[in-house]
Amino acid sequence: MPEREPPFLFVCQARLPDLAVELSERGRSVSACKGFRGFRCAASAAGGKRHWQSIQMGKAMIEQLSDELPTRPRLTALHKVLPLLLVGALLAGGCAFNRRQIGAEEERLAAAAGSWLVPYEQRELPVLTEQPDWQEVLQRAFAANGELEAAYHRWAAAVARLRGRSSYPDGNLALGYDYMFSRERMKTWDRTTLSVGFDPGMMLQWPGKVAQQSRIALEELHARRLRFEAAKFGLQERVLSAYLDYALQGERLRLQGEQVRLLDALVATAEQQVRTGGPQTSLLQARIELEMANNDLAAMTAELPAMKAMLASLLALSPTTELLPPARLPELRPLPPEDGPLLAMAVERNPELQALGHEAAAQSGAVKLAGMAYFPDIAPQFSITGSISRAVGAMFSLPGNLTRVRSSIEEARAMLREAEAEYRQARLERAAQFVAALRLVRDLERQRDLLQDLVLPQLEQQQAILARSLATGGSTYGELIEIQRSQLAMRLLIAEAQVARERKLLQLETLAGVDSETLLGRD
């Protein structure tokens, strides 16, 4: 045996612990390392020719051992942080921007829901009396009208849209599986590559972009909520206007019926005068007026079902529903006597204008969002290939067409100027309409008070004088009937002025975004 054998065995035995420690530190399995097993076998040889072959094998295994101990790069801070970032992104599906605002809007939505969340066939809607007042009619309309319910669901859709646009991450997960075919003798696990990350076709947006989208969606949500409030005021105006027209038609029918009764009496008086030698022209004139009055009464009666059907449609009722007009006109609803506070308030609370303002704010946010197109999007990924490798990477997306980005910014700015111009013009128009409606309300109040407090009492006084004169022969029965007919015409003018005033008051409330009871400090 050569003289070099003992020194070699001594070196093998001395190097054995160090190599085991080195393998362990580098993450390799000592028992799985063929080179280390052969080296250990050679190192345990006790000399002699029978172990010469093992020693030679150990020498070869030493060279193989150096190949099996690749230098593993030292982990930097970035390598340690990237997996944590990826895991955090994967678990961040519950992250959301504007969480507090979303909760507040959901509470408002739930408070305004009423019975709209129940299927229509299962709802218990308010039942109207045979002659409902305006409060009953309005309550039924708010609960049953389809247009108002549609506005509510548009608001609910905006709340859901806000939740979606406020959540992060906003991409889809992509799971990958690869299997490597090779002639090398490798385990199945080492041939397998598993990867998880975000779909490169739908990159993760920069968080600032998602936050800006959330702000835009929030402004759009405010606009939808305000348009729901505007729809309530609009429905109130239409329903009560239809109810007032229906009530006025009932008042006209009552007054016209009294006109017909008076003309019947006038015809009877004229016939008696003809029998006593009076002129027949008076009789013919009285009969003509009676026929015309009957014709007007028939026309008014024919209009009544059509007006009832229009009101019933707003209340989600069948056109054939029994719904009689009220026995008398509704009382005048009060309004603050001074115009100063009303003009100062004007249209500040108008929900339609406020909605336009929020839409303009949303468009302003769209300009900022278009400018964020220069920021990169990212698609992080993590992969593992058996026991061979683990990798963390990311794909970044940068705008390649800067002309398109600049044009998008310019388009958003143009749409912002459009929204601001519409808001400015609408504000001026609503303010002018408010002032005009307020002036008409005051003028109709003046007319109604004049006819009610001055003209009608004078006609009643004149009727009393004629009644006393008729007893002494100083006037005729025909003159008394004419003055009574004048009173009926005056009562009709008063009723029309009162209804016109109420209709203008409804328009005023819609423009102001507040009802008259609130203006007076009432609940």
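Being a predicted model, the structure only gives us computed values, none of them experimental.

Here's the deal with the overall build of the protein chain
Okay, so step 1: Assigned secondary structure in the protein chain consists of 15 helices and six strands.
Okay, so step 2: In the protein chain, buried positions account for 37% of the 523 residues.
Okay, so step 3: Pairs at least 24 apart in sequence give 80% of the contacts found in the protein chain among residues at least 6 apart.

Structural notes on the sheet that holds strand 6 (residues 389-397)
Okay, so step 1: Read from one edge to the other, the open sheet built from four strands follows the order 3-4-5-6, with strand pairing classed as antiparallel. Only two strands of the sheet have a single neighbouring strand rather than two, namely strand 3 (173-179) and strand 6. Neighbour-to-neighbour, the strand axes of the sheet open up by a mean angle of 15°, direction not taken into account.
Okay, so step 2: As paired elements, strand 3 and strand 4 (residues 192-198) share seven bridges and run antiparallel to each other. Bridge pairing links A174 to G197 in strand 4.

Some words on the environment of D296
Okay, so step 1: By the secondary structure assignment, D296 is in helix 10 (residues 280-314).
Okay, so step 2: Sequence separation between D296 and L253 is 43 residues; the distance between their C-alpha atoms is 9.2 Å.

A word on the packing of aromatic side chains
Okay, so step 1: In this structure the tally under the stated criterion is six aromatic pairs.
Okay, so step 2: Their ring planes at 40° and their centres at 5.1 Å tell us that W116 and Y152 sit as a pair that is tilted. With a gap of 36 residues between them, W116 in the loop between helix 5 (99-111) and helix 6 (134-144) and Y152 in helix 7 (residues 146-166) connect regions that are remote in the sequence. Taken individually, W116 and Y152 each receive the classification buried, so the pair is uniform in this respect.
Okay, so step 3: Three or more aromatic residues link up through ring pairs in this structure, and these residues are W116, Y152, W155 and F228.
Okay, so step 4: If you follow K232 out to its NZ or CZ, it ends over the ring of F142, 5.2 Å from the centre.
Okay, so step 5: The ring of W134 has R333 lying over it, and the distance from NZ or CZ to the ring centre is 5.5 Å.

Thoughts on the packing of helix 9 (residues 207-275) against helix 10
Okay, so step 1: For the pair helix 9 and helix 10, interaxial distance at closest approach is 8 Å and the crossing angle is 160°. On the basis of the axis angle, helix 9 is roughly antiparallel to helix 10. The interaxial crossing formed by helix 9 with helix 10 has left-handed handedness.
Okay, so step 2: The residue makeup of the contact of helix 9 with helix 10, split by class, is 21 nonpolar, seven polar and ten charged.

Some details on the confidence of the model for the protein chain
Okay, so step 1: Mean pLDDT for the protein chain: 82, with 81% of residues reaching 70 or above.
Okay, so step 2: Looking over the protein chain, one finds the lowest element-wise mean pLDDT in helix 1 (residues 5-25), namely 48, and the highest in helix 12 (residues 351-371), namely 94.
Okay, so step 3: Low pLDDT (under 50) marks residues 89-94, which in the prediction has ten contacts with non-local residues, meaning those over four places away or in another chain.

A few points about the pairing of strand 4
Okay, so step 1: One ladder, built from five bridges, connects strand 4 with strand 5 (residues 377-385); its direction is antiparallel. Residue pairing across strands places V196 opposite F382, the latter belonging to strand 5.

Brief notes about the side chain of S516
Okay, so step 1: Considering the arrangement of structural elements, one finds S516 in helix 15 (residues 516-519).
Okay, so step 2: On the accessibility criterion, S516 (0% relative accessible area) is buried.
Okay, so step 3: Apart from the residues lying within four places of it in its own chain, the contact partners of S516 are R333, P334, L335 and E509.

Re the side chain of D377
Okay, so step 1: Structurally, D377 can be placed in strand 5.
Okay, so step 2: Polar side-chain contacts of D377 include one of 3.0 Å to the side chain of K209.

Details of the pattern of salt bridges
Close approach of charged atoms allows side chains of opposite charge to pair.
Okay, so step 1: Overall, the coordinates contain 27 salt bridges when judged by the stated rule.
Okay, so step 2: Between E251 and R254 there is a salt bridge; the shortest N-O distance is 2.6 Å. Here E251 and its partner R254 are both found in helix 9, three residues apart, which amounts to about one turn of the helix.
Okay, so step 3: Residue classification places E251 among the buried residues on the basis of a relative accessible area of 13%.
Okay, so step 4: Residue R254 is classed as partly exposed on the basis of its relative accessible area, which comes to 31%.
Okay, so step 5: Connected through shared salt-bridge partners, R333, D339, R439, R442, E445, R501, E502 and E509 make up one network.

What to know about helix 14 (residues 477-512)
Okay, so step 1: For helix 14, spanning 36 residues, the distance from its first C-alpha to its last is 52 Å, which sits close to the expected 52 Å at 1.5 Å a residue.
Okay, so step 2: Positive phi appears at G513, one or two residues downstream of helix 14, with a value of about 75°.

Describing the nonpolar core
Okay, so step 1: Within the largest apolar cluster, 30 residues are counted, with the highest numbers of intra-cluster contacts made by Y152, W155, L221, F228, V239, L311 and L315.
Okay, so step 2: A total of ten residues in this core trace back to one element, the largest contributor, which is helix 9.
Okay, so step 3: If sequence neighbours within four positions are ignored, L221 has contacts with E105, W155, A158, V159 and L162.
Okay, so step 4: Counting residues in hydrophobic clusters, the runner-up holds 17 residues, among them L353, L438, V441 and L508.

Some thoughts on a nonpolar patch on the surface
Okay, so step 1: Side chains of Y177, Y179, F181, W189 and L194 sit close together on the surface and give an oily, nonpolar patch of about 600 Å² of accessible area.
Okay, so step 2: Counting through the fold element by element, F181 comes out in the loop between strand 3 and helix 8 (188-191).

Describing the environment of A306
Okay, so step 1: Relative to the helices and strands, A306 resides in helix 10.
Okay, so step 2: Taking the C-alpha atoms as reference points, A306 and Y246, separated by 60 residues in sequence, lie 9.6 Å from one another.

Description of unusual backbone geometry
Okay, so step 1: One non-glycine residue, A316, lies in the positive phi region at around 60°.
Okay, so step 2: Locating A316 in the fold gives a position in the loop between helix 10 and helix 11 (339-345).
Okay, so step 3: For A316, a relative accessible area of 30% gives the class partly exposed.

Cut-off values and rules
Residues numbered from 1 in each chain as written. Predicted model: local features only at pLDDT ≥ 70, side-chain atom pairs only at ≥ 80, totals over all residues. Heavy atoms only, no water. Helix = DSSP H or I, 4+ residues; strand = E, 2+ residues; numbered from the N terminus. Buried < 20%, exposed > 50% of the residue type's maximum accessible area, 1.4 Å probe, protein only. Contact = heavy atoms within 4.5 Å. Pairing = 2+ DSSP bridges. Axes fitted to C-alpha atoms, helices over the stretch in contact; angles between N-to-C directions. Phe/Tyr/Trp six-rings, centres within 6.5 Å; stacked < 30°, edge-to-face > 60°. Lys NZ or Arg CZ within 6 Å of the ring centre and 35° of its normal. Parallel < 35°, antiparallel > 145°, perpendicular 65-115°, else oblique. Left-handed = near helix turned anticlockwise from the far one by under 90°. Nonpolar A, V, L, I, M, F, W, Y, C, P; charged D, E, K, R; others polar. pLDDT = per-residue confidence, 0-100. Polar contact = N/O pair within 3.5 Å; in protein donor to acceptor, adjacent residues only side chain to side chain. Salt bridge = Lys/Arg side-chain N within 4 Å of Asp/Glu carboxyl O. Expected span 1.5 Å × (residues − 1). Core = buried A, V, L, I, M, F, W, Y, C linked by side-chain atoms within 4.5 Å. Patch = residues over 30% accessible without salt bridge, like charges linked within 9 Å, V, L, I, M, F, W, Y side chains within 5 Å. Areas by Shrake-Rupley, 256 points an atom, 1.4 Å probe, with all protein chains shown as cover.

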